[in-house]
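Overview (structure and organization)
Listed here are the chains, written in short residue letters.
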Amino acid sequence: MVRSMSRIIVRREVALVTLAALILSGCMSGGTRTAVPELQPNQYAAPAPTVTGEAVEGIVGGGLVGSAFGVQLGRGERRSALEAEYRALESTPAGQAVTWEGSFSGRSGKVVAAQPYRVGSQDCRQYTHTITSGGVEQTARGTACRNPDGSWTVLS
């Protein structure tokens, strides 16, 4: 009887380990995404985004602040916010905030990028951008992938 009980316990432990392995493997089977241990700056990327008119080159389409999310920002604030998005995506470690401040409006923001991952041959990162205005925070989330020319395109 003791022998049959120990067999049951061993089988139960094997079943639990197998179940845990299956659950964890399901988390890893999201297609062709692979973790990138550390994002290396792209050799073609500009050292800092440059401004041409209203657009900051380096983030195609104006980043998250180029949408309705950044409509309250002035031109200088938008530039600072886009530069922060670029720095967070390009070279800041996962989870570390890149901050910016408006000159006169009292608005500020922070951009936090997640761990980079690879889709095919592109490096991609999810990130959040939080704008604080009058003590009220607004947060937008997006995913951006690096283009061969070193710029980033926001996917969502």
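Everything that follows concerns the structure shown earlier in this document.
Residues numbered from 1 in each chain as written. Predicted model: local features only at pLDDT ≥ 70, side-chain atom pairs only at ≥ 80, totals over all residues. Heavy atoms only, no water.

**A few points about the overall build of the protein chain**
- Within the protein chain, the secondary structure is distributed over 2 helices and 10 strands.
- Its helices and strands taken in sequence order, the protein chain reads α-β-β-β-β-α-β-β-β-β-β-β from the N to the C terminus.
- For the protein chain, the residues scored as buried account for 33% of the 156 residues in total.
- Pairs at least 24 residues apart make up 49% of the contacts formed inside the protein chain by residues separated by at least 6 positions.
- Accessible area of the protein chain: about 9600 Å², with a carbon and sulfur share of 58%. (Helix = DSSP H or I, 4+ residues; strand = E, 2+ residues; numbered from the N terminus. Buried < 20%, exposed > 50% of the residue type's maximum accessible area, 1.4 Å probe, protein only. Contact = heavy atoms within 4.5 Å. Areas by Shrake-Rupley, 256 points an atom, 1.4 Å probe, with all protein chains shown as cover.)

**Regarding the pattern of salt bridges**
- The final tally for this structure, using the stated rule, is 5 salt bridges.
- Across the salt bridge formed by arginine 79 and glutamate 83, the nearest N and O atoms sit 2.8 Å from each other. Linking arginine 79 with glutamate 83, this pair stays in helix α2 (residues 75-91), spanning 4 residues, or about one helical turn.
- Arginine 79 gets classed as partly exposed once you look at its relative accessible area, which sits at 39%.
- Glutamate 90 is paired through a salt bridge with arginine 146; the nearest N and O atoms lie 3.3 Å apart. Taken together, the residues glutamate 90 in helix α2 and arginine 146 in strand β9 (residues 136-146) connect sequence positions 56 residues apart. Per residue, the accessibility class of glutamate 90 equals that of arginine 146, and both read buried.
- Several salt bridges share partner residues, and in doing so they unite Glu90, Arg118, Asp123 and Arg146 into one network. (Salt bridge = Lys/Arg side-chain N within 4 Å of Asp/Glu carboxyl O.)

**Concerning the pairing of strand β6 (residues 108-113)**
- Only one face of β6 is covered, namely the face carrying Gly109, Val111 and Ala113; the face carrying Ser108, Lys110 and Val112 is uncovered.
- The pairing of strand β5 (residues 97-101) with β6 spans 5 bridges and is classified as antiparallel. Each residue of the ladder has a partner; that of glutamate 101, found in β6, is serine 108.
- Linking β5 back to β6 in an antiparallel pair, the connection comprises 6 residues, with glycine 106 at a positive phi of about 85°.
- Bridge count between β6 and strand β8 (residues 122-133): 6 bridges; the pairing is antiparallel. The partner of lysine 110 across the bridge, within β8, is threonine 130. (Pairing = 2+ DSSP bridges.)

**A few points about the state of the cysteines**
- Tallied over the entire structure, the rule returns 1 disulfide.
- Paired through a disulfide, cysteine 124 and cysteine 145 show a sulfur-sulfur distance of 1.9 Å. The chirality of the disulfide connecting cysteine 124 with cysteine 145 is right-handed, given an S-S dihedral of about 105°. Of the two residues, cysteine 124 sits in strand β8 while cysteine 145 sits in strand β9, which places them 21 residues apart along the sequence. Per residue, the accessibility class of cysteine 124 equals that of cysteine 145, and both read buried. (Disulfide = S-S within 2.5 Å.)

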